[in-house]
Amino acid sequence: MIRKYRESDIDQVLDIWLSASIKAHAFIGSDFWRSKVGEMRDVYLPASETFVFESEGQLAGFYSLYENTLAAAFVSPNLQGRGVGSALINDAKSRRECLQLTVYSENLPSINFYKKHGFIVLDEKIDELTGHPELVMECCC
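Worth saying up front: this structure is predicted, and the values here are computed from it rather than measured.

## Regarding the overall build of the protein chain
And then number 1: Secondary structure assignment for the protein chain yields five helices and seven strands.
And then number 2: In terms of its C-alpha atoms, the protein chain occupies a principal-axis envelope of roughly 40 × 35 × 30 Å.
And then number 3: For the protein chain, the residues scored as buried account for 44% of the 141 residues in total.
And then number 4: Taking the intrachain contacts of the protein chain between residues at least 6 apart in sequence as the baseline, contacts between residues at least 24 apart amount to 58%.
And then number 5: Looking at the protein chain as shown, the accessible area adds up to about 7,700 Å², and 50% of this sits on carbon and sulfur atoms.
And then number 6: Side-chain charges in the protein chain split into 14 positive and 20 negative, and the spacing between the mean points of these groups amounts to 6 Å.

Now the structure itself:
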């Protein structure tokens, strides 16, 4: 079930975000992601509209929207490949006419996932925080 984020979800959301970020972005040191947990908790989540996928009382994943940007979409690593991410992306797409996102160019599984869900590449840029290239993708579905 996908539902609106509640403050009581914070620990599970941060755990999913950190573990999935480290797994998906092995080309960036895990210490970088650990150093961003506070910002995620105190800045990014409060500024975003966040939805969670809950199954049997546990969170399996979440996504965050900031205006027309898909700012985050993460699934617990042990639950990836089971349709949770597709359900989250489809729900996000139903809430906006167009969505944009950025994804690291080195994160091929995520790029392919987004392409499968109708996103196209608009541009490439360098992430100022990490120095790694990112693709800007959009879906108007």
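## Here we look at the packing of aromatic side chains
And then number 1: Tallying each qualifying case throughout the model produces eight aromatic pairs.
And then number 2: Aromatic side chains Y114 and F119 sit 5.6 Å apart centroid to centroid with 65° between the ring planes, which places their arrangement in the edge-to-face category.
And then number 3: Classification of Y114 by relative accessible area gives buried; the value is 9%.
And then number 4: Put simply, the rings of W17, F27, F32, W33 and Y104 touch in pairs and so form one group of aromatic residues.
And then number 5: Taking the ring centre of F51 as reference, the NZ or CZ of K4 above it sits at 5.0 Å.

## What to know about the environment of R3
And then number 1: Mapped onto the secondary structure, R3 falls in strand β1 (residues 2-4).
And then number 2: For R3, a relative accessible area of 10% gives the class buried.
And then number 3: Placed 74 residues apart in sequence, R3 and P77 show a C-alpha to C-alpha distance of 20 Å.
And then number 4: Apart from residues lying up to four places away in sequence, R3 is in contact with D9, F51, V52, E54 and L59.

## A look at the side chain of K93
And then number 1: By the secondary structure assignment, K93 is in helix α4 (residues 84-94).
And then number 2: Buried K93, no salt bridge; nearest opposite-charge side chain is D91, N-O distance 12 Å.
And then number 3: Apart from the residues lying within four places of it in its own chain, the contact partners of K93 are L99, H117, F119, C139 and C141.

## So, the pattern of salt bridges
And then number 1: Applying the stated rule across the entire model yields seven salt bridges.
And then number 2: For R41, the salt bridge is made with D42, and the minimal N-O distance between the two is 3.0 Å.
And then number 3: The salt bridge involving R95 is made with D91; its shortest N-O contact spans 2.9 Å.
And then number 4: You can call D91 buried: its relative accessible area is 17%.
And then number 5: Several salt bridges share partner residues, and in doing so they unite R3, D9 and E54 into one network.

## Concerning the layout of surface pockets
And then number 1: Computed from the structure, the largest pocket encloses a volume of approximately 1,400 Å³.
And then number 2: If you go around the largest pocket, you meet 45 residues; those closest to its centre are H25, A71, A72, A73 and F74.
And then number 3: Contributions of two or more residues to the lining of the largest pocket are made by α1 (10-24), α2 (30-35), α3 (37-47), β3 (58-66), β4 (69-75), α4, β5 (98-104) and α5 (108-116).
And then number 4: It is β4 that contributes the most residues to the lining of the largest pocket, seven residues altogether.

Conventions we followed
Residues numbered from 1 in each chain as written. Predicted model: local features only at pLDDT ≥ 70, side-chain atom pairs only at ≥ 80, totals over all residues. Heavy atoms only, no water. Helix = DSSP H or I, 4+ residues; strand = E, 2+ residues; numbered from the N terminus. Buried < 20%, exposed > 50% of the residue type's maximum accessible area, 1.4 Å probe, protein only. Contact = heavy atoms within 4.5 Å. Areas by Shrake-Rupley, 256 points an atom, 1.4 Å probe, with all protein chains shown as cover. Lys, Arg positive; Asp, Glu negative; His and termini not counted. Charge placed at Lys NZ, Arg CZ, Asp CG, Glu CD. Phe/Tyr/Trp six-rings, centres within 6.5 Å; stacked < 30°, edge-to-face > 60°. Lys NZ or Arg CZ within 6 Å of the ring centre and 35° of its normal. Salt bridge = Lys/Arg side-chain N within 4 Å of Asp/Glu carboxyl O. 1 Å grid on protein atoms, 1.4 Å probe; cavity = no way out; pocket = protein on both sides within 12 Å on 5 of 7 lines; lining within 4 Å. Points joined across faces, edges and corners; volume = space filled by probe spheres on them.

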